[in-house]
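# Examining the three-dimensional arrangement
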Amino acid sequence: MELPPSVETDIETFITNVRSKHGTYRGKEEITAGANQLDVAKESVSILRKLVYCLEGKQLQLSSLIQFVRMACKKMKEAYPYGILVANVARRILYVIRDEFSMELKVSQKESNNMLTSEFSFNPALDSQLTSVPSTTAASEDTFNYNRLKENILEHLASVDFLQEFDSVYKSISRQAVDHIAEGESILTYGYSKTIEKFLIAAKKLYCCTL
């Protein structure tokens, strides 16, 4: 099992771009702003969405889809130091895939049952009904609409609500400042993180402390 060539190329470009924005010094990461985490997350979504778009037919079976996403994620995690971020994005997308697969399975089963009812209505004899069961059961897998599943996943990953989850992540994390920082505490940080910066700014507004 191999990733589509165009996706491989996008992953290589992604890794190169992220690494170029995050310098190294004697094998250790520099204390720099590095790549924008939100941009890294959105680009990860874009690549994984393209992966789904490139897959066809039985490649869209749940087990295959999961394996393809994990393969892509493993390669993208080489974009040091954002491996954890990429992994979290992949987990969110896998949740979407499982959810869409489950809904499509229900639709396909309903369509298969409708076919079964229709076939029985044309074969009133018991022996005809019995002989028609295996063919209908075998056809139930064929009634699973992989193209519709693919369209639903792509639509979900491109939806405004899904993308807004990433835009609102800083606000969601900042709201938790009151649960983790008490008034009068001294906070020591190492390196730079936009997420931590916004988290501390939120704490400052709560307790009127200095940064």
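Everything in this summary refers to the structure shown in the same document. What you see is a predicted model, and the numbers here were worked out from it, not measured in a lab.

### So, the packing of helix α2 (residues 37-54) against helix α6 (residues 146-158)
It is at 10 Å that the axes of α2 and α6 come closest, and there the two elements cross at 165 degrees. For the element pair α2 / α6, the angle class is roughly antiparallel. The two elements α2 and α6 cross, and the hand of that crossing is left-handed. Along the contact surface, α2 presents Val 45, Arg 49, Val 52 and Tyr 53, while α6 presents Lys 150, Ile 153, Leu 154, Leu 157 and Ala 158. Of the residues belonging to the contact of α2 with α6, the class tally is seven nonpolar, no polar and two charged.

### Things to note about helix α3 (residues 62-76)
Given 3.6 residues to a turn, an α-helix orients residues that are three or four positions apart in the same direction. In a regular helix each residue adds 1.5 Å, so 15 residues correspond to 21 Å; α3 covers 21 Å between its end C-alpha atoms and thus fits that length. Among all positions in α3, only Ser 64, Leu 65, Ile 66, Phe 68, Val 69, Ala 72, Cys 73 and Met 76 are buried.

### Quick look at the side chain of Lys 150
With respect to the secondary-structure elements, Lys 150 resides in helix α6. Overall, Lys 150 belongs to the buried group, its relative accessible area being 10%. A polar atom in the side chain of Lys 150 sits 2.6 Å from the backbone oxygen of Tyr 53. Beyond its immediate sequence surroundings of up to four residues, Lys 150 is in contact with Val 52, Tyr 53, Leu 55, Glu 56 and Leu 60.

### A few points about the pattern of salt bridges
Under the defined criterion, the tally for this structure stands at five salt bridges. Residue Lys 75 is joined to Glu 8 by a salt bridge in which the shortest nitrogen-to-oxygen separation is 3.9 Å. Here the residue Lys 75 occupies a position in helix α3, and Glu 8 occupies one in helix α1 (residues 5-21), the gap between them amounting to 67 residues. In this structure, Glu 56 engages Lys 150 in a salt bridge whose closest nitrogen and oxygen atoms are separated by 3.1 Å. With Glu 56 in the loop between α2 and α3 and Lys 150 in helix α6, this pair connects stretches of sequence that are 94 residues apart. With relative accessibility at 46%, the residue Glu 56 sits in the partly exposed group.

### Details of the nonpolar core
By size, the foremost hydrophobic cluster in this structure holds 43 residues, and its most contacted members are Ile 11, Phe 14, Leu 48, Leu 51, Leu 65, Met 76 and Ile 93. Elements that contribute at least two residues to this core include exactly α1, α2, α3, α4 (83-121), α6 and α7 (160-167). Ranked by size, the runner-up nonpolar core spans six residues in total, among them Ile 181, Phe 199, Ala 202 and Ala 203.

### Concerning the packing of aromatic side chains
Overall, the coordinates contain zero aromatic pairs when judged by the stated rule. The cationic tip of Lys 150 hangs over the ring face of Tyr 53; the distance from NZ or CZ to the ring centre is 5.2 Å.

Scoring rules and cut-offs
Residues numbered from 1 in each chain as written. Predicted model: local features only at pLDDT ≥ 70, side-chain atom pairs only at ≥ 80, totals over all residues. Heavy atoms only, no water. Axes fitted to C-alpha atoms, helices over the stretch in contact; angles between N-to-C directions. Helix = DSSP H or I, 4+ residues; strand = E, 2+ residues; numbered from the N terminus. Parallel < 35°, antiparallel > 145°, perpendicular 65-115°, else oblique. Left-handed = near helix turned anticlockwise from the far one by under 90°. Contact = heavy atoms within 4.5 Å. Nonpolar A, V, L, I, M, F, W, Y, C, P; charged D, E, K, R; others polar. Expected span 1.5 Å × (residues − 1). Buried < 20%, exposed > 50% of the residue type's maximum accessible area, 1.4 Å probe, protein only. Polar contact = N/O pair within 3.5 Å; in protein donor to acceptor, adjacent residues only side chain to side chain. Salt bridge = Lys/Arg side-chain N within 4 Å of Asp/Glu carboxyl O. Core = buried A, V, L, I, M, F, W, Y, C linked by side-chain atoms within 4.5 Å. Phe/Tyr/Trp six-rings, centres within 6.5 Å; stacked < 30°, edge-to-face > 60°. Lys NZ or Arg CZ within 6 Å of the ring centre and 35° of its normal.

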